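Geometric and topological summary
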Amino acid sequence: MKNICIILLPVIMAVSGTYAQGYDPDKVPKKAQTLYQQAYEKARNENYRAAIQLLQDAVKVDSRFADAYLSIAGMYSEMKQYEEAIVHYEKARAIDAEYFKDYNLPYSINLAGKGQFEKALAAINEFLSIPNLNETSRKAGEYRRKTYQFAIDYTNSRPLNNYRFEPTNLGDSINSEHSEYFPAITIDNDELVFTRRVNYINEDFYSARRENGVWRKATPLAGNINTNMNEGAQNISQDGQWLVFTGCNFPNAYGSCDLYISYYTPNGWSEPENLGRINTDSWESAPSLSPDKRDLYFASSRPGGYGGVDIYVSRRLPNGRWSEPENLGPEINTIGDEGCPFIHADNQTLYFTSNGHLGYGGDDLYMAKKQADGKWGKAINLGYPINTIENEGSLVVAADGKTAYYASDRADSRGGLDIYTFELRDDVRPARTLWVKGKVYDIKTSRGLPSAVELTDLSTRQLLSKVQTDETGNYLITLPVGKDYAFTVSRKGYLYFSENFPLSEKAPDSAYKIDIPLQPIEENATIVLKNIFFDVNKFELKPESTTELDNVFILMRDNPTLKIQINGHTDNVGKDEDNLTLSNNRAQAVVKYLVSKGIAANRLSHKGFGASQPVADNSTEEGRAQNRRTELKVVGQ
């Protein structure tokens, strides 16, 4: 539709005489034609409002001036005022339906812009019925017919029901007369970082915090991250500690636009670092960090993809460097362009834009979910009215799974693009999440310890998340609801920490603070192996125990002189003699597993204590559960 009014204005007067009957352009009064030509000059300079006024004056002179109505419609369409465009197209059609046939293509596009896809399909079918259409027109019409049919089928298969798309402008604290875009938000939904085009030229990062539900005035990011060059397309890590972004034409760049990273420090954001060979001499942009900061998704035009721009992922290696990027494959990427990836806090749901998957026209927003085998499922269009016939941009979704943020130039914009929030439909939401944060520290000195933190699904034994704390031991992990987890923390020179979290019944969007003390490896140091499981009165290890047992194996392997004793304990239910035997057999089962994995038997011993060493009150079920435990004790190193 770009410049359609300029295309129409000078041409119609020359060709419209071929349409005889209802409308005769030769009979348009000279005064109306003069106003028409004046409007054309205004439109050439994109002064559409003035041009429309002149054309309105022209139709006052001649109410059957069809070309004037068509040109008014074209300019309203250019300004995305679809309803006004439709009104004026229909006025022209009422004058002469035959003459109007050629304009059913732009008319249908405006109908689709208002979500009237059934009427748009009828209009485009009428356009395609014109004999001897040129190839360009035919292809344009067939493309639009395909998108309108898609829209109709989508609505039939995914009815909106009571859903209302009602984007809310974030207000003057966030938005300004300049353009704001690329919103990014932290896990607590209380810090928003975005790009602002300052003085209409330079792109810089701004942030705002929400207090008591109200956004405070946005300010430039502190530190050394904003420069007189263009920084944009940023993503803040869920814990608010890392910022990855796109820098274009930087002096140390590999290509025109590269990916950079900055770290939050007590003095603000650090000077950006180029992410190295993750970049190429092609275009890299729109990075998105996974919640555990192990995966980095981004868009790139590098050779070897499926289309012009594809989405890739790079994994953070144990040495802190990033792996060779992997293409996300044909489920996500197409022969067209994909971009603006956003991986949700559930670490399973990816949102992105594409003009290659079937949609409403231009760049649409899609989502895809990671399957159990690690592959991506089918891309799902987010549907109208989130998607429109226009090009959609970046979308981020808060940890609650329903609150979305995006940039748009809607009617209530403060200027250019503004940042809005809206609620997602139920069927295109990610998994709802919980999050756990805290600090790992030395139990003797209280000093924070950089450590590895892992979350494992107890039922499937699948590792769901592995994060590295910061230098002071702080961590944050997000995880899907509806599961029970084994929580493990390890650091060289310390006994690992292990905890079982039965979170499957917990409410979504809950936050847990867990500070984790680590015990130095020294004689008589003891930890409880909280993820060792047995059936009642049984001593066969349950499959859910494997993760914990393998952690003990790794501890023994990494400390080849370490000797340990496995101690078994029970509650006081039943006979003392039976409890003593049961606890001894359970401890022995652990030892047998470790020997089967290759640990020398002379480094292992076991002992059962029955109910003789309770750590809680046996009069309650909760207390008895704590007393039924398996312990690891250091007896030599």
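The following paragraphs examine the structure supplied in this document.

With that out of the way, let us pick up the pattern of salt bridges. Taken as a whole, this structure holds 34 salt bridges when the rule is applied. Here Lys 119 ties to Glu 90 by a salt bridge, and the two come within 3.7 Å at their closest N and O atoms. Of the two residues, Lys 119 is situated in helix H8 (residues 117-128) and Glu 90 in helix H5 (residues 82-95); the sequence distance between them amounts to 29 residues. When salt bridges that share partners are traced, they join Asp 571, Glu 621, Arg 624 and Arg 628 into one network.

With that out of the way, let us pick up the state of the cysteines. Inspection of the entire model under this criterion finds one disulfide. Put simply, Cys 248 and Cys 257 are joined by a disulfide, and their sulfur atoms are 2.0 Å apart. With the S-S bond torsion at 105 degrees, the cross-link from Cys 248 to Cys 257 turns out right-handed. Since its relative accessible area comes to 24%, Cys 248 is described here as partly exposed. Counting only cysteine sulfurs, Cys 257 is the nearest neighbor of Cys 340, a cysteine outside any disulfide, at a range of 13 Å.

Turning to the pairing of strand S22 (residues 418-423), a few remarks are in order. Buried residues dominate S22, accounting for five of its six residues. Here strand S1 (residues 168-169) pairs with S22 via two bridges, running antiparallel. Across the sheet, Thr 168 pairs through a bridge with Thr 421, a residue of S22.

For the pair helix H7 (residues 104-113) and helix H9 (residues 135-157), the least separation of the axes is 11 Å and the interaxial angle reads 20 degrees. When the axes of H7 and H9 are compared, the pair comes out roughly parallel. The interaxial crossing formed by H7 with H9 has left-handed handedness. Facing Leu 105, Ser 108, Ile 109 and Ala 112 of H7, the residues of H9 in contact are Ala 140, Gly 141, Arg 144 and Tyr 148.

Turning our eyes to something else, we now look at the packing of aromatic side chains. Enumeration according to the criterion identifies 26 aromatic pairs in this entry. Taking 5.6 Å as the distance between ring centres and 90 degrees as the angle between the ring planes, the aromatic pair formed by Trp 242 and Tyr 263 counts as edge-to-face. Residue Trp 242 is located in strand S8 (residues 242-248), and its partner Tyr 263 is located in strand S9 (residues 257-265); the two are separated by 21 residues in the primary sequence. Trp 242 gets classed as buried once you look at its relative accessible area, which sits at 14%. We classify Tyr 263 as partly exposed; its relative accessible area is 28%. For the ring pair Tyr 297 and Trp 376, a centre distance of 6.3 Å and an interplane angle of 75 degrees mean the geometry is edge-to-face. Here Tyr 297, found in strand S13 (residues 295-300), pairs with Trp 376, found in the loop between strand S18 (364-369) and strand S19 (380-381); they are 79 residues apart in sequence, far enough to count as distant. Residue Trp 376 is classed as buried on the basis of its relative accessible area of 8%. Seen from the ring of Trp 242, Lys 293 lies directly overhead, with NZ or CZ sitting 4.3 Å from the centre.

The rules behind these values
- Residues numbered from 1 in each chain as written.
- Predicted model: local features only at pLDDT ≥ 70, side-chain atom pairs only at ≥ 80, totals over all residues.
- Heavy atoms only, no water.
- Salt bridge = Lys/Arg side-chain N within 4 Å of Asp/Glu carboxyl O.
- Helix = DSSP H or I, 4+ residues; strand = E, 2+ residues; numbered from the N terminus.
- Disulfide = S-S within 2.5 Å.
- Buried < 20%, exposed > 50% of the residue type's maximum accessible area, 1.4 Å probe, protein only.
- Pairing = 2+ DSSP bridges.
- Axes fitted to C-alpha atoms, helices over the stretch in contact; angles between N-to-C directions.
- Parallel < 35°, antiparallel > 145°, perpendicular 65-115°, else oblique.
- Left-handed = near helix turned anticlockwise from the far one by under 90°.
- Contact = heavy atoms within 4.5 Å.
- Phe/Tyr/Trp six-rings, centres within 6.5 Å; stacked < 30°, edge-to-face > 60°.
- Lys NZ or Arg CZ within 6 Å of the ring centre and 35° of its normal.

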